[in-house]
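Structural overview for review
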Protein chains: 2
Amino acid sequence: MLVLITYDVNTETAAGRKRLRKIARECVNYGQRVQNSVFECVMDAALCCSVKHKLEQIIDPEKDSLRFYYLGNHYKTKVEHMGAKPSFDVTEPLIL
Amino acid sequence: MLVLITYDVNTETAAGRKRLRKIARECVNYGQRVQNSVFECVMDAALCCSVKHKLEQIIDPEKDSLRFYYLGNHYKTKVEHMGAKPSFDVTEPLIL
């Protein structure tokens, strides 16, 4: 299934930027970064559960938020893009 | 149906921040800002089409991107939240 993961952090602080990089490094193992804080990950329920657990360890629950949207297996007609092409953030290399 | 609208812009520039505010002002007419660049809007297909057209006029298609995710009418079980509670960005008043 497609799981959309959106992440909110104040990247004005170094610690915030570090958490964002950690989240991104985790998420790109399972999918694609389509916007700065939006990841589309294809995974089954068991993997999703494991990923959520990992991400929970990274975020600062007082400051950051994560949202998960479950788009099922037939997601191609449920997504539409407008404007600049999706791309990885070249300012933050995600090569592991 | 629930339409998730995610927006990507470089808010390091005043013009980018202005476009983000415009997008937000438009989207909050139809739903809730759940993260800085993530909006959940409840609308029918006709309204969605109209909103997309309006947003298309606001973005800079060379620099910004918008993505629309269609979560249908039975969306409550398709959304999960972790961490800090969803809130409007208090630094950018959205009162119209």
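Residue indices follow the written sequence of each chain, beginning from 1 at its first position. Written order decides the labels, with chains lettered from A and ligands numbered from 1. Only residues with pLDDT of at least 70 are given local features in this predicted model, and only at 80 or more are side-chain atom pairs given and counted; all residues enter the totals for whole chains, interfaces and linings. As a rule here, side-chain values come from all non-hydrogen atoms in the structure, and water together with hydrogens is ignored.

It is worth spelling out the packing of aromatic side chains at this point. Pairing of aromatic side chains requires ring centres within 6.5 Å, counting the rings of Phe and Tyr and the six-membered ring of Trp. Pairs whose planes differ by under 30 degrees are stacked, by over 60 edge-to-face, and all others tilted. Per the counting criterion, the structure on display carries zero aromatic pairs over all chains. Our definition puts a charge over a ring when NZ of Lys or CZ of Arg is within 6 Å of the ring centre and also within 35 degrees of the ring normal. Above the face of the F68 of chain A ring, K52 of chain A is positioned so that its terminal group lies 5.8 Å from the ring centre.

This part takes up the interface of chain B and chain A. Contacts between the two partners involve 32 residues from chain B, matched on the other side by 32 residues from chain A. In total, chain B and chain A occlude about 2,800 Å² of area from one another, counting both sides; carbon and sulfur atoms represent 54% of this. Any carboxyl oxygen of Asp or Glu that lies within 4 Å of a side-chain nitrogen of Lys or Arg is treated as forming a salt bridge with it. Inspection of the chain B/chain A interface yields four salt bridges. Throughout this description, a polar contact denotes any pair of N or O atoms lying within 3.5 Å of each other; where both atoms belong to protein, one of them has to be capable of donating a hydrogen while the other can accept it, and for residues adjacent in sequence the pair is counted only when both atoms sit in side chains. Seen at the junction of chain B and chain A, the total is 27 residue pairs in polar contact (both at pLDDT 80 or more). Strands are runs of DSSP state E lasting at least two residues, helices are runs of H or I lasting at least four, and both sets are numbered from the N terminus onward. Breaking the side of chain B that touches chain A down by element, the ones donating at least two residues are β1 (2–8), β2 (31–35), β3 (38–42), α2 (45–58), β4 (65–70) and β5 (79–83) of chain B. Broken down by element, the side of chain B that touches chain A gets its largest block of residues, six residues, from β4 of chain B. Classes in brief: Ala, Val, Leu, Ile, Met, Phe, Trp, Tyr, Cys and Pro nonpolar; Asp, Glu, Lys and Arg charged; the others, Gly included, polar. By residue class, the composition of the side of chain B that touches chain A is 15 nonpolar, seven polar and 10 charged. Note that strand β4 (residues 65–70) of chain A and β5 of chain B share five bridges and pair antiparallel. Note on β5 of chain B: the bridge partner recorded for L66 of chain A is M82 of chain B. The contact criterion used is simple: two residues touch if any of their non-hydrogen atoms lie within 4.5 Å. Put simply, buried area is the surface a 1.4 Å probe can reach on two separate parts but cannot reach once they are joined, added for both. The criterion for strand pairing is that DSSP finds at least two bridges linking the strands in question.

Attention now goes to the sheet that holds β4 of chain A. Judged by pairing direction, the sheet is antiparallel, and its five strands sit side by side in the order β2(A)-β3(A)-β1(A)-β4(A)-β5(B) without closing on themselves. Where the open sheet ends on each side, the last strands, each with one partner, are β2 (31–35) of chain A together with β5 of chain B. When strand polarity is set aside, the average angle formed by the axes of neighbouring strands in this sheet is 20°. Here, axes are lines fitted to C-alpha atoms. For helices the fit covers the stretch in contact, and angles between N-to-C directions go from 0 to 180 degrees. Across the sheet, helix α2 (residues 45–58) of chain A touches β1 (2–8) and β4 of chain A together with β5 of chain B, and the angle it forms with β4 of chain A is around 170°.

Our focus in this paragraph is the environment of V9 of chain B. Residue and element names in this part refer to chain B. Mapped onto the secondary structure, V9 falls in the loop between β1 and α1 (14–27). Sequence-wise, V9 and I59 are 50 residues apart; in three dimensions their C-alpha atoms are separated by 8.8 Å. Apart from residues lying up to four places away in sequence, V9 is in contact with G16, R19, L20 and D64.

This part covers the side chain of R19 of chain A. Note that R19 of chain A resides in helix α1 (residues 14–27). With residues up to four places along the chain from it excluded, the contact list for R19 of chain A reads Y7, V9, I58, I59, D60, K63 and D64 of chain A.

At an RMSD of 0.1 Å, chain B and chain A line up after a rotation of 180° and a shift of 0.0 Å along the axis. Taken together, the rotation and translation describe the operation of a two-fold axis. If distances are taken from each C-alpha of chain B to the rotation axis, the shortest is found for L71 of chain B, at 3.4 Å. Comparing interface residues between copies, 100% of those in chain B also sit at the interface in chain A, which points to an isologous, same-surface contact. Residues reaching a pLDDT of at least 70 in both copies supply the C-alpha atoms on which the copies are superposed by least squares.

Attention now goes to α2 of chain A. Residues and elements named next belong to chain A. Taking 1.5 Å of rise per residue, the 14 residues of α2 would be expected to cover 20 Å, and the 20 Å separating its terminal C-alpha atoms lies within 8% of that figure. Exposed residues in this analysis have more than 50% of their type's maximum accessible area, buried residues have under 20%, and partly exposed residues fall in between, with area computed by a 1.4 Å probe over protein chains only. When we look at burial in α2, the residues that qualify are C48, V51, K52, L55 and I58. Each buried residue of α2 sits inside an arc of 115° when the element is viewed along its axis, so together they form one side. Those residues of α2 that are exposed and angled more than 90 degrees off the buried face are A46, C49 and Q57. To estimate the expected span of a helix, subtract one from its residue number and multiply by 1.5 Å. What the arc covers is the set of directions going from the helix axis to the C-beta atoms.

All right, on to the sheet that holds β2 of chain B then. One open sheet holds the five strands; their spatial order is β5(A)-β4(B)-β1(B)-β3(B)-β2(B), and the pairing between them is antiparallel. This sheet does not close on itself; its edge strands, each paired only once, are β5 (79–83) of chain A together with β2 of chain B. Across the sheet, the mean angle from the axis of one strand to that of its neighbour is 20°, orientation sign disregarded. Across five bridges, the pairing between β1 of chain B and β3 of chain B is antiparallel. Bridge pairing links L4 of chain B to E40 of chain B in β3 of chain B. Sheet strands in contact with α2 of chain B are β5 of chain A together with β1 and β4 of chain B, and its direction is about 170° off that of β4 of chain B.

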